Amino acid sequence: MLTSVDRQAHLQVLSLRVNGEHVRVYLPVHKTLLEVLREDMNLTGTKHGCELGECGTCTVLVDGKPELSCLLLPVQVEGCAITTVEGLAKGSELHPLQQAFVELGAAQCGYCTPGILLAAKSVLDTASRPTRDEIREALAGNLCRCTGYMKILEAVELAAERMR
Amino acid sequence: MSTNNQNGGFAVIGKPLPKVDAVSKVTGRAMYADDMLLPRTLHCRILRSPHPHARMVSVDTSAARRIPGVQAVITGADLPIKFGILPVTQDERALEHEKVRYVGDPIAAVAATEEEIAAAACDAIAVQYEVLDPVMSIDAALGKPKDERIQDYGGPNNIHKLIALEFGDVDAGFARAEHTREDVFFFQGNTHLPMEQHSAIATFVDEKVTLWSSTQVVHYVHRALAKVLELPMNRIRVIGAAHGGGFGGKTDPFAHEIVVAKLAMITGRPVKCTLTREEVFYAHRGRHPVLMWVRTGVTKDGRITAMHFRSALDGGAYGSYGVASTFYTGALQTVTYDIPAYRFEGCRVFTNKPPCGPKRGHGTPQPRFAIELHLEKIARELGIDPVEMKRRNFVKPMTRTVNWLRVTSCGLEECTERVMSASGFRTRTRRAGHGMGFAISSYLSGAGTAIYWNDMPHSEVQIKVDRGGVTAYCGAMDIGQGSDSVLAAIVAEELGLQPKDIRLVTADTDTTPIDLGSYSSRVTFMAGNAAIEAARKMRSMIVEAAASKMECDAGAVKVGAARIGDFTFEEASILAEARFGTLTSAGSYTPPKIAGPYKGSGVGPSPAYSYSACIVDLEAEARTGLLHVNKVWIAHDVGRAINPLLVEGQVEGSVYMGLGEALMEEQTFRKGLHKWPSMLEYKSPTFLDMPDVETFIVETVDPEGPYGAKEAGQGPLLPVIPAVSAAVFDALGVWIDEIPVTPEKVVEALRRKDKGELARYGPPGFPDIPYPPCTKVEPPPKELDRAAPASI
């Protein structure tokens, strides 16, 4: 049976680079990146929907690529540049994707929004004129139950246009 | 998006403005319940039954209590008082201690310093069961149980509720008919699948409980907590956290909400519980599986003379909203089609599955699927175009239905016209495997009666103006649909400001006046009307103060663009505060008492009904049965779009959810276990499955809605599902009378067709159900039809 005593044995110190900040964390090795972001670093903007890699809600960027933080251990991303939703805006100035999501009503309950914003950012960082089908393909691993996806697609297209 | 009304005279209403909380949501700053971490928070996990049906012999928590880090363990003996959302079915316990009725039934809970410790402690609780024979289907529930009944009320056998109502002379209606037809349909159950797992965190400080929860109904959670914890309501505060999606799935008071409050009281520390995704599937309260039988008589030209509708709902293990759900399977048929004589027999059974309850459309998508397809079949038998036949039967505005429901504004004709012409339905060229289907629907703009009987308002708003700052207080819970934005828009419109100028305090039982919650599509209509009343009272005080200073009549003071007459809003509010003292105003909304004079008339009445029409265009591949939806056209009569951007979002989201139900979503069980309690296995549409949607907002300006507004969040889901099945018939010539319309069913129907059998996939028949004799209700007198809305 798991006890607190057992858990002590598996603690480790890691240095993570999140949203440009270097943070040293002391944590059990088995904690997922999702848990570390939310519980140890107070970056609660990253959400969870399943913790099994099925819904895309916990998507963060690791060296610019979308990854499911619920399936990553911090040790796997030590030294990488991790971007969460908190790292999208420059101060109070929203990223063009965030601005487009606001204007077009692409966030309803908003729970899937952080993950979708980051997945969309990785699309726009690599393609300035993605087709609608390319956007659909890139975001297909992110579920949203509110919007029917329409406003999200429109918002990503609007942001792409503004970022060109 | 296109709308039919030019917005005249409004500064805010009708404008596609961003939501007031949009920035907090796109920056990750919105605080959902699981994001809250108060100092010294303990984590709670709940032990749930592994058996679908069993008596509990003993529960031994001693080993769990010994695990370091465990702060408290509670069982059913600690929370013995029963609760339930409906007063007539108080049949749930936060933790069961006598008997479990579905896999997932909560029986014990642990609070520990870490979630993993709480989970390990749950594993260490030893429960002895005496396993009972589970009842897993409608047929099994109708028969004699092998061991014992699931619940000790209702009956015979595992029947929960029986309803039998007859409006007008149905036998005479059928006698008058020149053609009659019977059909049987089945709508499989499915679940809400909100992206956010349910979560709640409670504190107990200064002898008061505070609970933050991802709930749609802070008020009903408040009531349930008071009852089960045996505390007066004034010692409990329930606050709606930022909400990660409900769709009806967070409309009951839940075990975890009561459990964390109890554990906070015991430990003196904050306690949080967030359900795992698997637990969310078992918490459920989603779409009832419903078997339906319908018989309709028509004249040669397709006018309905009588309808007889039967439903059998697989309710799961507890009451939840089930009595209301059962009435809803029969209530709204008459709100779209003029049915001069109508008989409804409904039945809900208990089974050993997670309880079903309200999901978007609550009890009405199933009968809507049935009657839309049924009428489609009748039209084809008569050789009449189905759209034309439906149209001949459309209800008219300002009428009463045979079951006494009051119809005010009704945009069915215009909705139909919009989707017909935009989609080219009539002029399309036929090609193999291509199909288009048409359907209509209607939904409530709020239930006309409260869940528990009382004469108080259903929604209340207070406004405070203090040195130019405006704060609106309302119990309404924004679940992502935008109710906060609607409140801000209305208050801003009335005071000549912009939504960003309005501070909101919502969904907090300590600080806000009541709103019953985000269910039954009631918030815009009811909180909106309350907000108008409160804002107009505030406006008249400020205008009066300004007029006095300007030495003119109040009527001459212009309000708008952040000015009141000659003054800025801030200057005028200072004048008003100097004149009247503290500036507060209040408004409330009570729905008109329009229910018919019969028992059971409380389900169905609404101050106004929304209307939708939809066309689905799809490709159906005969070899594989695969369906690909090309496009959906949908027109929705929302009365007036207070914010067209949000209305369009609700319509598109409804289309999406309807397509999911029509094509893939199903909640089914094997040996008591959910077959696919994960987001991968429970299929829901992705970005790749979602077709383009063309939305038409139709504005009929309802006489009682706020600025004429009606609902938008649920109604547009309803026509999508039958339109999919109608399109499959159009494409392949086979009827799929069962939802979801999966490739297997399509292939099987085609196989039957090829063999010369009935080209259909669907339930073979409807069981014998011991419905009681019908209560006969006289239709409303004709003169009610022509009266003004307030009196009809």
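Just so we're clear, the structure is a prediction, and the values are computed from it rather than from any experiment.

**Observations concerning the overall build of chain B**
Then comes step 1: Secondary structure assignment for chain B yields 20 helices and 35 strands.
Then comes step 2: Compactness check: chain B gives a C-alpha radius of gyration of 27 Å against a globular reference of 28 Å for 792 residues, within 12% of the reference.
Then comes step 3: Projecting the C-alpha coordinates of chain B onto the three principal axes gives extents of approximately 85 × 75 × 50 Å.
Then comes step 4: Partitioning the intrachain contacts of chain B with sequence separation of at least 6 by distance along the chain shows that 80% fall at a separation of at least 24.

**Topic: the overall build of chain A**
Then comes step 1: Counting its regular elements, chain A contains six helices and five strands.
Then comes step 2: The C-alpha radius of gyration of chain A comes to 17 Å, within 12% of the 15 Å expected for a compact globule of 164 residues.
Then comes step 3: Principal-axis analysis of the C-alpha atoms gives chain A an extent of 55 × 30 × 25 Å.

**A few points about the packing of helix α17 (residues 644-663) of chain B against helix α18 (residues 720-732) of chain B**
Residues and elements named next belong to chain B.
Then comes step 1: The geometry of α17 relative to α18 is characterised by a closest axis approach of 8 Å and an angle of 50° between their N-to-C directions. With respect to α18, the element α17 is oriented oblique. As α17 runs across α18, the sense of the crossing is right-handed. For the pair α17 and α18, contact is made by V655, G658, L659, E661, A662 and L663 and by V720, I721 and V724, respectively.
Then comes step 2: In terms of residue class, the contact of α17 with α18 is built from seven nonpolar, one polar and one charged.

**So, helix α3 (residues 96-104) of chain A**
Then comes step 1: The buried fraction of α3(A) amounts to seven of the nine residues, a majority that puts the element mostly inside the structure.
Then comes step 2: Those residues of α3(A) not exposed but buried are L97(A), Q98(A), Q99(A), A100(A), F101(A), V102(A) and L104(A).
Then comes step 3: On its buried face, α3(A) sits against α4 (113-126) and α6 (150-163) of chain A together with α1 (22-26) of chain B.
Then comes step 4: Directly after α3(A), the chain includes G105(A), whose backbone phi takes a positive value near 70°.

**Overview of unusual backbone geometry**
Then comes step 1: With an omega of 5°, the peptide bond between G155(B) and P156(B) qualifies as cis.
Then comes step 2: One can find P156(B) in the loop between α4 (138-142) and β8 (159-167).

**Points about the interface of chain B and chain A**
Then comes step 1: The interface is formed by 47 residues belonging to chain B together with 44 residues belonging to chain A.
Then comes step 2: When residues of the side of chain B that touches chain A are traced back to their parent elements, those giving at least two are α1, α3 (115-123) and α17 of chain B.
Then comes step 3: A per-element tally of the side of chain B that touches chain A places α17(B) first, with seven residues.
Then comes step 4: The class makeup of the residues in the side of chain B that touches chain A is 26 nonpolar, 13 polar and eight charged.

**A look at the pairing of strand β2 (residues 21-28) of chain A**
Residues and elements named next belong to chain A.
Then comes step 1: Of all eight residues in β2, zero are buried, a share of ten percent or less.
Then comes step 2: Direction of pairing for strand β1 (residues 11-18) relative to β2: antiparallel, over a ladder of eight bridges. Residue pairing across strands places L16 opposite V23, the latter belonging to β2.
Then comes step 3: If you look at the hairpin formed by β1 and β2, you'll find two residues sitting between the two strands, and N19 has a positive phi there, around 50°.

**Brief notes about the environment of V100(B)**
Residue and element names in this part refer to chain B.
Then comes step 1: Mapping V100 onto the fold places it in strand β5 (residues 99-100).
Then comes step 2: On the basis of neighbour count, V100 is assigned to the buried category, with 27 C-beta atoms found within 10 Å.
Then comes step 3: A C-alpha to C-alpha distance of 9.6 Å links V100 and L132, two positions 32 residues apart in sequence.
Then comes step 4: When residues no more than four places from it in sequence are discounted, the contact partners of V100 are S49, H51, A54, M56, D105 and I107.

**Overview of the sheet that holds strand β2 (residues 42-48) of chain B**
Residue and element names in this part refer to chain B.
Then comes step 1: Spatial strand order, β4-β6-β2-β13-β10-β11-β12: seven strands in an open sheet with mixed pairing. Looking at strand neighbours, the two that pair on one side only are β4 (70-75) and β12 (236-240), the edges of this open sheet. Neighbour to neighbour, the strand axes of the sheet diverge by 20° on average, direction disregarded.
Then comes step 2: Inspection of the sheet shows β2 paired to strand β6 (residues 106-112) by six bridges, in the antiparallel sense. Residue pairing in the sheet places L47 in a bridge with A108 of β6.
Then comes step 3: Across the sheet, helix α6 (residues 218-229) is in contact with β11 (208-213) and β12; its angle to β12 comes to roughly 150°.

**A short note on the domain arrangement of chain A**
Often, the extent of an interface is quoted as the loss of accessible area upon association of its parts.
Residue and element names in this part refer to chain A.
Then comes step 1: Per the domain assignment, the segments of chain A are domain 1 (4-87) and domain 2 (96-163).
Then comes step 2: Centre-to-centre, using C-alpha coordinates, domain 1 lies 23 Å away from domain 2.
Then comes step 3: Taken together, the elements giving at least two residues each to the side of domain 1 that touches domain 2 come down to β3 (59-62) and β4 (65-68).
Then comes step 4: Here the element with the most residues in the side of domain 1 that touches domain 2 is β3; it accounts for three residues.
Then comes step 5: In terms of residue class, the side of domain 1 that touches domain 2 is built from six nonpolar, seven polar and two charged.

**Brief notes about the confidence of the model for chain B**
All names here are of chain B.
Then comes step 1: Per-residue confidence for chain B gives a mean pLDDT of 96, with 98% of residues at or over 70.
Then comes step 2: Throughout residues 1-6 the model reports pLDDT below 50, and contacts reaching past four residues in sequence, or to other chains, amount to 13 contacts.
Then comes step 3: For this predicted complex, the interface score ipTM comes out at 0.96, while the overall pTM is 0.97.

**As for the domain arrangement of chain B**
Residue and element names in this part refer to chain B.
Then comes step 1: With domains assigned, chain B is organised as domain 1 (41-132 + 195-245 + 250-283), domain 2 (290-449 + 596-777) and domain 3 (456-589).
Then comes step 2: Computed over C-alpha atoms only, the centres of domain 1 and domain 2 are separated by 36 Å.
Then comes step 3: Each partner contributes to the interface: domain 1 provides 21 residues, whereas domain 2 provides 20 residues.
Then comes step 4: Among the residues making up the side of domain 1 that touches domain 2, the classes are represented as nine nonpolar, six polar and six charged.

**A few points about helix α9 (residues 322-331) of chain B**
Residues and elements named next belong to chain B.
Then comes step 1: Of all 10 residues in α9, 10 are buried, a share of seventy percent or more.
Then comes step 2: All of the buried residues in α9 are G322, V323, A324, S325, T326, F327, Y328, T329, G330 and A331.
Then comes step 3: The inward-facing, buried residues of α9 abut β8, β14 (290-298), β15 (304-314), α10 (333-336), β16 (342-349) and α11 (365-382).

**Quick look at the nonpolar core**
Then comes step 1: Residues C44(B), A121(B), V491(B) and V728(B) are the most contacted members of the largest nonpolar core, which totals 303 residues.
Then comes step 2: C44(B) has contacts with A109(B), V110(B), A111(B), A118(B), V259(B), V260(B), L263(B), V271(B), K272(B) and C273(B), leaving out every residue within four places of it along the chain.

**Some words on the pairing of strand β13 (residues 271-274) of chain B**
Residues and elements named next belong to chain B.
Then comes step 1: Burial along β13 is two-sided: the residues V271 and C273 and K272 and T274 are all buried.
Then comes step 2: Bridge analysis of β2 against β13 gives two bridges, and the strand direction is parallel. The partner of L42 across the bridge, within β13, is V271.
Then comes step 3: Bridge count between strand β10 (residues 199-205) and β13: four bridges; the pairing is antiparallel. When the bridges of β13 are listed, A200 appears paired with C273.

**Things to note about the environment of E96(B)**
All names here are of chain B.
Then comes step 1: Here E96 lies in the loop between β4 and β5.
Then comes step 2: C-alpha of E96 to C-alpha of T75: the two residues are 21 residues apart in sequence and 7.5 Å apart in space.
Then comes step 3: Once residues within four sequence positions are removed from consideration, E96 is found in contact with M56, G76, D105, P106 and I107.

**Points about the packing of helix α14 (residues 483-495) of chain B against helix α15 (residues 523-550) of chain B**
Residues and elements named next belong to chain B.
Then comes step 1: Running from N to C, α14 and α15 cross one another at 30°; their axes reach a closest spacing of 9 Å. Considering their axes alone, α14 and α15 lie roughly parallel with respect to each other. Relative to α15, α14 is oriented so that their crossing is right-handed. Judged by residue contacts, S483, V486, L487, I490, V491, E494 and L495 of α14 engage V523, T524, A527, G528, A531, I532, A535, R536, M538 and R539 from α15.
Then comes step 2: The class makeup of the residues in the contact of α14 with α15 is 11 nonpolar, three polar and three charged.

**Observations concerning the confidence of the model for chain A**
Then comes step 1: Looking at chain A, pLDDT values average 94 and 95% of them are 70 or higher.
Then comes step 2: Taken together, the stretch residues 1-5 of chain A has pLDDT below 50 and engages in nine contacts with residues farther than four places along the chain or on a different chain.

The rules behind the values
- Residues numbered from 1 in each chain as written.
- Chains lettered and ligands numbered in written order.
- Predicted model: local features only at pLDDT ≥ 70, side-chain atom pairs only at ≥ 80, totals over all residues.
- Helix = DSSP H or I, 4+ residues; strand = E, 2+ residues; numbered from the N terminus.
- Rg over C-alpha atoms; globule rule 2.2 N^0.38 Å.
- Contact = placed C-beta atoms within 7 Å.
- Axes fitted to C-alpha atoms, helices over the stretch in contact; angles between N-to-C directions.
- Parallel < 35°, antiparallel > 145°, perpendicular 65-115°, else oblique.
- Left-handed = near helix turned anticlockwise from the far one by under 90°.
- Nonpolar A, V, L, I, M, F, W, Y, C, P; charged D, E, K, R; others polar.
- Buried ≥ 20, exposed ≤ 12 C-beta atoms within 10 Å, placed from the backbone.
- Pairing = 2+ DSSP bridges.
- Domains from an automatic or database assignment.
- pLDDT = per-residue confidence, 0-100.
- Core = buried A, V, L, I, M, F, W, Y, C linked by C-beta atoms within 7 Å.

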